[in-house]
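Structural characterization, general
What follows is the residue order along each chain.
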Amino acid sequence: MIPFSPPKIDQSIIDEVIDTLNSGWITTGPKTKKFERELEKFCGNSRTLCVSSGTHGLELILRWFGVGEGDEVILPAYTYSATANCVIHTGATPVMVDTNEEDFNLSVEDIARKITEKTKVIMPVDIGGMPCAYNEINELVKSSDVRKKFQSRNEIQEKLGRILVLSDSAHSLGAVYHGKNAGQLADISVFSFHAVKNLTTAEGGAIALNLPSAFNADEVYNFLNVFSLHGQTKDALAKMQNKGWKYDIIMPGYKANMTDIQASLGLVEINRYRKDTLEKRRDIFNYYFDRLKDFEWAENPVYETDKICSSYHVYMLRIKGTTEDTRDKFISKMYEKGVSVNVHFIPLPLLSYYKKEGYQMEDYPNAYQKFQNELSLPVYYDLSVSDRKTVVDKLVETAKKLGF
Ligand SMILES: *Cc1c(COP(=O)(O)O)cnc(C)c1O
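Residues numbered from 1 in each chain as written. Predicted model: local features only at pLDDT ≥ 70, side-chain atom pairs only at ≥ 80, totals over all residues. Heavy atoms only, no water.

1. Notes on the packing of aromatic side chains
Here the structure, examined in full by the defined rule, presents 22 aromatic pairs. Measuring from ring centre to ring centre gives 6.0 Å for Trp-64 and Phe-65, while their planes differ by 35°; the resulting arrangement is tilted. Residues Trp-64 and Phe-65 agree in their burial class; the two are buried. Consider the rings of Phe-295 and Trp-297, whose centres lie 5.2 Å apart with planes at 35°: the pair is tilted. Overall, the relative accessible area of 30% leaves Phe-295 in the partly exposed class. (Phe/Tyr/Trp six-rings, centres within 6.5 Å; stacked < 30°, edge-to-face > 60°. Buried < 20%, exposed > 50% of the residue type's maximum accessible area, 1.4 Å probe, protein only.)

In structure tokens form, the structure reads like this:
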């Protein structure tokens, strides 16, 4: 069976994890801090804080910005549930927008239509690793009409003076947009290092700060660092030093810190990420593209333009003109032939909870269009040249069998 996206666990990762286990320090400590510095160097943003997951990273930022009951947060209907759930946890209301016609990302026109006096945050999601239209989104939140509508309720909102752009960059570490890296594209970007992501620490995430100069990045970083660990003024490592036992709790913070065991995986991964991981993933994308481009039924994803370069996270193929039913048949036929494929994502309005809350799929026609014939192909570091060929051969066979 060709799996969908197993992590790359090689000897260098195992050695680094064992080194941490042997060091006697397994929770947040020197390796987590080193990983943060490596991420900052990689992305070119001011400061980065590692956390226990992408979801927690997003929620910490919403809470730092003071988002809560009565507020609205704009996000795409076409995303994984993490994007909406962290908003719901704060008591705020997710306001969903539709997808573009030409790609899988959220429509800026639909964002503009849905901004109200209650909007506090826009959360673009770089679906599959392709950055959203950040130039347009950043312009929109800074435009005088939209600024006028913004009602600040605390000091931080006052200082920003407009809607916060919080990118759900769970898929897009390493993506480039108009000469800038993911991490530098929004006010704040949150990465995920979950096991299926391009760069994994098993579970984990990072908050990349890129706030305007009115904010002191070190201060925000220090606040978030304490906020992510019970509001405690010293982390476990600092408490170990002589006379370091005395601590204070300055707020009821969360428990969302990354461990040094997780960071060990991250340190190995980040060092080979650009030159090795992304190159390998790009090869696989190019192979799929070249082999599928001449089939009438295959609609390939856009993953590179002259100004934008994806992180090659998910190869989101679409089977032209297909309904959900036929797409599902594709999946099960592929599975029978020994190839795991997947669907990214089931739009939120199709899932029970959001449906019950009143979100309706009919309100997001483009998102449904994209979803109903979407089929993601396996992409992972160790996908061999012959396995890539098998994936496409089985796909072509399946298409023939289903009458395409
Ligand atoms: C994976 C993912 C997340 C959250 O990641 P975790 O680290 O698992 O919390 C958020 N948004 C999207 C779109 C994702 O795919």
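2. Description of the nonpolar core
Core analysis: the biggest nonpolar cluster contains 72 residues, and Met-123, Leu-166 and Ile-207 have the highest contact counts within it. Mapping this core onto the domain boundaries places at least three of its residues in each of domain 1 (11–270) and domain 2 (273–401). Beyond its immediate chain neighbours, meaning those up to four positions away, Leu-166 contacts Leu-58, Ile-61, Leu-62, Val-121, Ile-122, Met-123, Pro-124, Ile-188 and Val-190. In this structure, Leu-173, Tyr-312, Met-334 and Tyr-380 belong to the second largest nonpolar core, which totals 45 residues. (Core = buried A, V, L, I, M, F, W, Y, C linked by side-chain atoms within 4.5 Å. Domains from an automatic or database assignment. Contact = heavy atoms within 4.5 Å.)

3. Considerations on the site of the ligand
Taken together, 16 residues are adjacent to the ligand, and Thr-55, Asp-168, His-171, Ser-192 and Lys-197 come closest. Within the side chain of Asp-168, an N or O atom sits 2.7 Å from a nitrogen atom of the ligand. At a separation of 3.3 Å, an oxygen atom of the ligand approaches a polar side-chain atom of Lys-197. Contact with the protein chains removes 91% of the 370 Å² of surface that the ligand exposes when unbound. In this structure, the ligand is accommodated by the largest pocket. Counting residues per element, the ones that place at least two in the shell around the ligand are α3 (54–64) and α4 (82–90). Split into classes, the residues belonging to the shell around the ligand amount to five nonpolar, nine polar and two charged. (Near = heavy atom within 4 Å. Polar contact = N/O pair within 3.5 Å; in protein donor to acceptor, adjacent residues only side chain to side chain. Areas by Shrake-Rupley, 256 points an atom, 1.4 Å probe, with all protein chains shown as cover. 1 Å grid on protein atoms, 1.4 Å probe; cavity = no way out; pocket = protein on both sides within 12 Å on 5 of 7 lines; lining within 4 Å. Sits in = over half its atoms within 2 Å of the grid points. Helix = DSSP H or I, 4+ residues; strand = E, 2+ residues; numbered from the N terminus. Nonpolar A, V, L, I, M, F, W, Y, C, P; charged D, E, K, R; others polar.)

4. Focus on the pattern of salt bridges
A complete count under the given rule lists 24 salt bridges for this structure. Lys-114 is the partner of Asp-110 in a salt bridge, and the nearest nitrogen-oxygen pair spans 3.1 Å. With Asp-110 and Lys-114 both in helix α5 (residues 108–114) and four residues apart, this pair spans about one turn of that helix. With a closest N to O distance of 3.1 Å, Arg-318 and Glu-299 form a salt bridge. On the criterion of sequence distance, the pair formed by Arg-318 in strand β12 (residues 315–319) and Glu-299 in strand β10 (residues 298–299) is long-range, its members being 19 residues apart. Given a relative accessible area of 8%, Arg-318 falls into the buried group. (Salt bridge = Lys/Arg side-chain N within 4 Å of Asp/Glu carboxyl O.)

5. So, a negative patch on the surface
Together, Glu-101, Glu-102, Glu-109, Glu-136 and Glu-139 make up a region of like negative charge exposed at the surface. Tracing the backbone shows Glu-102 in the loop between β3 (93–97) and α5. Taking relative accessible area as the criterion, Glu-102 reaches 61% and is therefore assigned exposed. (Patch = residues over 30% accessible without salt bridge, like charges linked within 9 Å, V, L, I, M, F, W, Y side chains within 5 Å. Lys, Arg positive; Asp, Glu negative; His and termini not counted. Charge placed at Lys NZ, Arg CZ, Asp CG, Glu CD.)

6. A closer look at empty space enclosed by the protein
In total, this model carries three cavities of 30 Å³ or more according to the counting rule given. Taken as a whole, the largest cavity spans an internal volume of roughly 130 Å³. In this structure, the largest cavity is lined by 14 residues; those nearest its centre are Pro-6, Pro-7, Lys-8, Asn-198 and Arg-281. Partitioning the lining of the largest cavity into residue classes produces six nonpolar, four polar and four charged. (Points joined across faces, edges and corners; volume = space filled by probe spheres on them.)

7. Some thoughts on the domain arrangement of the protein
It is common to give the size of an interface as the accessible area lost on bringing the parts into contact. Domain boundaries assigned for the protein yield domain 1 (11–270) and domain 2 (273–401). Taken over C-alpha atoms, the centre of domain 1 sits 26 Å from the centre of domain 2. Each partner contributes residues to the interface: domain 1 has 43 residues there, and domain 2 has 35 residues. Regarding the contact of domain 1 and domain 2, the summed buried area is about 3,200 Å², with carbon and sulfur atoms giving 61% of it. If you sort the residues of domain 1 by the area they bury against domain 2, Tyr-78, Met-130 and Asn-198 come out on top, with a joint share of 21%. For the pair domain 1 and domain 2, the number of links is 23 residue pairs in polar contact (both at pLDDT 80 or more). Among the secondary structure elements, those contributing two or more residues to the side of domain 1 that touches domain 2 are β2 (72–76), α4, β3, β6 (176–177) and α11 (260–292). A total of four residues in the side of domain 1 that touches domain 2 trace back to one element, the largest contributor, which is β3. Partitioning the side of domain 1 that touches domain 2 into residue classes produces 22 nonpolar, 14 polar and seven charged. (Buried area = accessible area lost by both parts, 1.4 Å probe.)

8. A look at the sheet that holds β12
One open sheet accounts for three strands, arranged β10-β12-β13; its pairing is antiparallel. In the strand order of this sheet, the two ends are held by β10 and β13 (374–377), each with one partner. Where β12 meets β13, four bridges bridge the pair, whose relative direction is antiparallel. Directly across from Met-316, in β13, lies its bridge partner Ser-376. (Pairing = 2+ DSSP bridges.)

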